[in-house]
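Chain by chain, the residues:
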Amino acid sequence: MAEERKAECRVVRPGGTYDGKQGFSYFEGIARESVGASGICMHLLTIPPGGRAKAHMHESHETAIYMLSGEAHTWYGERLENHVVVRAGEMFYIPAGVPHLPANLSDAPASAVIARTDPHEQESVVLLPHLEALVAI
């Protein structure tokens, strides 16, 4: 019989990074793998100046972003036809299944806290290479 693990409160000090399918390096945070989360993941992302993600979507989970510093441009929609700039102090919501491509067009880093409704951060990431050329930056 498998032993059930009791849930515990945990402090996470982001130190290490991992490379996401999207093309960015993320600071390790809260996820199933790090703390045993069952319905959420949260981590830090710093997009370097000129950094651009690969076009992608999160097939089955929602994303909430809080910009800590800088600004990020994001193209979103079935053909990346929509564009928004999210600046420090603002929040941005991306529904599940919405294609998007974030980028930092400035000469300063852009940092954000990202939370998702899937405890496995990379599990439902779907790359959309056929959309890459639609955003010429």
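Quick caveat, the model's predicted, so the values are computed rather than measured. (Residues numbered from 1 in each chain as written. Predicted model: local features only at pLDDT ≥ 70, side-chain atom pairs only at ≥ 80, totals over all residues. Heavy atoms only, no water.)

Engineer: What is the right way to look at the nonpolar core in this model?
Structural biologist: For soluble globular proteins, the rule of thumb is that nonpolar side chains tend to be buried together. Membership of the largest hydrophobic core is limited to eleven residues, which are Leu-45, Ile-47, Ile-65, Met-67, Ala-72, Val-86, Phe-92, Ile-94, Ala-110, Ala-112 and Ile-114. Listing elements by their share of this core, those giving two or more residues are β3 (41-47), β5 (63-69), β8 (91-94) and β10 (110-116). Of all the elements, β10 adds the most residues to this core, at three residues. Contacts of Ile-65, omitting those with residues within four sequence positions, involve Glu-90, Met-91, Phe-92, Ile-94, Ala-112, Val-113 and Ile-114. In terms of nonpolar packing, the next biggest core, distinct from the first, is built from nine residues, Ala-55, Met-57, Leu-80 and Leu-101 among them. (Core = buried A, V, L, I, M, F, W, Y, C linked by side-chain atoms within 4.5 Å. Buried < 20%, exposed > 50% of the residue type's maximum accessible area, 1.4 Å probe, protein only. Helix = DSSP H or I, 4+ residues; strand = E, 2+ residues; numbered from the N terminus. Contact = heavy atoms within 4.5 Å.)

Engineer: Where do I start with the pattern of salt bridges in this structure?
Structural biologist: Side chains that carry opposite charge are capable of pairing whenever their charged atoms lie near each other. Following the criterion strictly, the structure yields two salt bridges and no others. In this structure, Arg-52 and Glu-132 form a salt bridge, with 3.4 Å as the shortest nitrogen-oxygen distance. In this pair, Arg-52 sits in the loop between β3 and β4 (56-58) while Glu-132 sits in the segment after β11 (125-127), placing the two residues 80 residues apart along the sequence. By relative accessible area, Glu-132 is classed as partly exposed at 23%. Between Arg-87 and Glu-71 there is a salt bridge, with its nearest N and O atoms 3.4 Å apart. Taken as a pair, Arg-87 in strand β7 (residues 82-87) and Glu-71 in strand β6 (residues 71-76) lie far apart in primary sequence, 16 residues in all. (Salt bridge = Lys/Arg side-chain N within 4 Å of Asp/Glu carboxyl O.)

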